Amino acid sequence: MTRPFSAILFDLDGTISDSAPGILESMTHTFRTVGVPVPDHATLMSFVGPPILDTFRDAMGMDEAQADDTLAVYREHYLSHGALDSQMFPGIDVVLHTLHEAGLPISTATSKPETPATYILEHYGLTGDIDIITGASDDEVRSAKADVVEEALRRLDARGFDISRPVLVGDRLHDVEGAAAHGVPTIFAEWGYGSPAEAQGTIAQAATPLDLLPILLP
């Protein structure tokens, strides 16, 4: 029987990693450092997942220079303090290992820059089951989810993997829209940070990581 999907793309924050504590703490530190009022908790939570530079520019109304300066403060603090203030969602390691053992190629497709993404995945011992780590470029030139998805597919294809039937697993609206820009369907990770409304347009929803297995490997 032909499998429904030939390659799996995974978001990181809110899908593989419960990274909100470290991100929120680093954002709070950053805003205080640059003299910007710290938003309330709900607003800060809405910043977890989308490209951080877009958050500074669009949600916080910063101009390009201020956003770049703020990003530099955030990066320094996050890499030294916040990146490992996280944990993997229970069962996601089993899912990644099961998919890998079944021969399904896996790439991340995260708006987090590749340096901290790799650091986190290596720390939690997950890189052995992930074929390619794709994320935002460290200079943020590639940060939009559609661009990250495009790069993940390009890298998988370059490695000789079958990308004829890809699917993305993610928890936020920008995951859904970024994947759709390339005709890639999304499975919604209900355990993540997105609201139920953000699942609109997805082909399936999974309540827990382990619920992905009967969808991806029926």
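Everything in this summary refers to the structure shown in the same document. Model, not experiment: these values are computed from the prediction.

A word on the layout of surface pockets. Looking at the largest pocket, its volume works out to about 240 Å³. What lines the largest pocket is a set of 20 residues, among which Ile 52, Tyr 74, Tyr 78, Lys 112 and Pro 113 lie closest to the centre. Along the lines of polarity and charge, the residues of the lining of the largest pocket split into 12 nonpolar, 3 polar and 5 charged.

Taking every second residue as pointing to the same face, both faces of strand E8 (residues 186–189) are buried, with Thr 186 and Phe 188 on one and Ile 187 and Ala 189 on the other. Two elements, strand E7 (residues 166–170) and E8, share 3 bridges in a ladder whose sense is parallel. When the sheet's bridge partners are listed, Leu 168 is paired in E8 with Thr 186. Examined bridge by bridge, E8 and strand E9 (residues 204–206) share 3 bridges and lie parallel to one another. The residue bridging Ile 187 from the neighbouring strand is Ala 204, located in E9.

You can see Arg 172 is positioned in the loop between E7 and helix H8 (173–180). Among the polar contacts listed, one links the side chain of Arg 172 to the backbone oxygen of Ser 46, at a separation of 3.5 Å. Look past the residues within four positions of Arg 172 in its chain and what remains in contact with it is Met 45, Ser 46, Val 48, Pro 50, Phe 188, Tyr 193, Gly 194 and Glu 198.

This brings us to the sheet that holds E8. Spatially, 5 strands are ordered E4-E1-E7-E8-E9 in an open sheet, and the strand pairing comes out parallel. With partners counted over all chains shown, the strands left at the sheet margins are strand E4 (106–108) and E9, one partner each. Within this sheet the neighbouring strands show an average axis-to-axis angle of 25°, counted without direction. Relative to strand E1 (residues 7–10), helix H5 (residues 92–101) is tilted by about 155°, and along the sheet it contacts E1 and E4.

Another point: the pattern of salt bridges. Summed over the entire model, instances satisfying the criterion amount to 11 salt bridges. A salt bridge links Glu 151 to Arg 154, with the shortest nitrogen-to-oxygen separation between them at 2.7 Å. In this pair, Glu 151 and Arg 154 are both assigned in helix H7 (residues 145–158), 3 residues apart and thus about one turn of the helix distant. Measuring nitrogen to oxygen at the nearest pair gives 3.9 Å for the salt bridge that ties Asp 162 to Arg 165. Counted as one network, the salt bridges with shared partners bring together Glu 114, Arg 142, Glu 151, Arg 154 and Arg 155.

Analysis parameters
Residues numbered from 1 in each chain as written. Predicted model: local features only at pLDDT ≥ 70, side-chain atom pairs only at ≥ 80, totals over all residues. Heavy atoms only, no water. 1 Å grid on protein atoms, 1.4 Å probe; cavity = no way out; pocket = protein on both sides within 12 Å on 5 of 7 lines; lining within 4 Å. Points joined across faces, edges and corners; volume = space filled by probe spheres on them. Nonpolar A, V, L, I, M, F, W, Y, C, P; charged D, E, K, R; others polar. Buried < 20%, exposed > 50% of the residue type's maximum accessible area, 1.4 Å probe, protein only. Helix = DSSP H or I, 4+ residues; strand = E, 2+ residues; numbered from the N terminus. Pairing = 2+ DSSP bridges. Polar contact = N/O pair within 3.5 Å; in protein donor to acceptor, adjacent residues only side chain to side chain. Contact = heavy atoms within 4.5 Å. Axes fitted to C-alpha atoms, helices over the stretch in contact; angles between N-to-C directions. Salt bridge = Lys/Arg side-chain N within 4 Å of Asp/Glu carboxyl O.

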